[in-house]
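Reading the structure
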Amino acid sequence: MQPAAASAERSTDFATTVVATMRQLGVLGLPRNYEIFYEALSGTNRDLSLAVLLLSKRPTQDELDKIGSTYFAQNHGPSIVEHARDVIAKELEDVAALLRSERSHIEKYGRILDETSSGLSSRSPLSQDLLQKIANAMAIATNSTIDHGRQVASTLSDKTAELESVKSTLEEYKRLADTDPLTHIWNRRAFDKEITRIYNSNRGILFNALILADIDRFKDINDRYGHPVGDKIIQIIAGIFQTSIRGDMFVARTGGEEFAMIVEGASEDATFEIADRIRALIEQTPFTSSQTGMNYGTVTVSMGICMASEAEGPEDLYIKADRALYRSKVGGRNRVTRHSAMSGRAGKSWLLYKKD
């Protein structure tokens, strides 16, 4: 089986398993429900997996939404967006009412000016008493208009502040929805958007590269030391990725022990050097318990690189970088492989690889 086909088949099989599990439990096929079971079955979040296991045989939507609101910021999406929409609609209606009131007030003031102008331009003699009454009426109308304008300006300022608060809430929701809860770096959702962005321009295609990384023998780590230790190791490695790159580079946790980096503005050689430097840093990092002092041994990662110009689109780029990552695994792990170096050499050895 070709590596691309194998990768696609694994994804299809996993998606089928998720859907089958949901059907077995009588769970509605809503996107937010699918995400819960996808993450639970993939093992990305151990606490989430446990929460799903503790569900009743026929979980209610309220039970699922409670899990979603606990583990996924994006599961707050419908309520947050709906609330924001209602607030914005109300504020805009209030602003519209203010503007209508201001228009009505100005029109009324305009009529007073017209009537006064007409009275002053008439040929009839004007007494001092009449002029005094006109002046008083004009003063009252002018002061009233000025006061009303100030009130409108103050209220509009308050409405603007309220709308800014709603905007900040939505921006925070967006940030949380794109953030991995364990490592606090970008998640798969954010990665999918970022890798698609590459192919929106010729510049993106020419000056971007994808690095995929996978922690070697991670299942053995979890089995030997337990999931809390595994989670801590994932956090440490995520920290190494984040602190070892330029601020404008993109790094995400895309799966349980899988990471992805998008490098912009670097040649293939420079991209390889970035990946290999991070690989070496991880290999040299001591993984010990701060509480017990226990040494968990050397932890390594395997990596695969593909330049955006070598692929036809986001999916093809991911598949080719994944092929290079698999070649690193097959070749002995703890190494970086370029997809460009694999031409004509991705043969039967792929069948030897069983992901750890």
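Per chain, residues are indexed from 1 in the order of the written sequence. Local features in a predicted model are, by the rule used here, given only for residues with pLDDT of at least 70; side-chain atom pairs are given and counted only at 80 or more, and totals for whole chains, interfaces and linings are based on all residues. Computation of side-chain values covers all heavy atoms of the structure but excludes hydrogens and water.

Within the secondary structure layout, Glu315 lies in helix H12 (residues 314-330). Assessed through its relative accessible area of 61%, Glu315 is described here as exposed. Sequence separation between Glu315 and Thr196 is 119 residues; the distance between their C-alpha atoms is 8.6 Å. Secondary structure elements follow DSSP: runs of H or I no shorter than four residues count as helices, runs of E no shorter than two count as strands, and numbering proceeds from the N terminus. Summary of the burial criterion: residues with accessible area below 20% of their type's maximum are buried, those above 50% are exposed, and those between are partly exposed, where the area comes from a 1.4 Å probe applied to protein chains only.

This next bit is on the pattern of salt bridges. Between side chains of opposite charge, a pair can form when the charged atoms approach closely. We count a salt bridge whenever a side-chain nitrogen from Lys or Arg sits within 4 Å of a carboxyl oxygen from Asp or Glu. In the structure shown here, the tally under the stated rule is 14 salt bridges. A salt bridge links Arg253 to Asp180; the nearest nitrogen and oxygen atoms lie 3.2 Å apart. With Arg253 in strand E2 (residues 250-253) and Asp180 in the loop between helix H6 (128-177) and helix H7 (188-198), this pair connects stretches of sequence that are 73 residues apart. You'll find Arg253 and Asp180 in the same group, each marked buried. In this structure, the salt-bridge partner of Lys219 is Asp223, at a minimum N-O distance of 2.9 Å.

Aromatic ring pairs are described here by two measures, namely the spacing of the ring centres and the angle between the planes. The criterion for an aromatic pair is that two Phe, Tyr or Trp rings (for Trp, the six-membered ring) have centres within 6.5 Å, with stacked assigned to planes under 30 degrees apart, edge-to-face to planes over 60 apart and tilted to the rest. Summed over the entire model, instances satisfying the criterion amount to 5 aromatic pairs. Aromatic side chains Tyr225 and Tyr296 sit 4.8 Å apart centroid to centroid with 70° between the ring planes, which places their arrangement in the edge-to-face category. Taken as a pair, Tyr225 in helix H9 (residues 218-225) and Tyr296 in the loop between helix H11 (268-284) and strand E4 (301-307) lie far apart in primary sequence, 71 residues in all. Tyr296 carries the same exposure label as Tyr225, and that label is buried. The ring centre of Tyr318 lies 5.0 Å from the NZ or CZ of Arg188, which sits over that ring. One cation-aromatic arrangement involves Arg338 over Phe272; the distance from NZ or CZ to the ring centre is 4.5 Å. The criterion is that NZ of a Lys, or CZ of an Arg, lies within 6 Å of the ring centre and within 35 degrees of the ring normal, and then a charge sits over that ring.

For Arg333, which is not glycine, the phi dihedral falls at a positive 70°. When you line up the elements, Arg333 lands in the loop between H12 and strand E5 (336-338). Overall, the relative accessible area of 17% leaves Arg333 in the buried class.

Taken by themselves, the reported measurements are silent on function.
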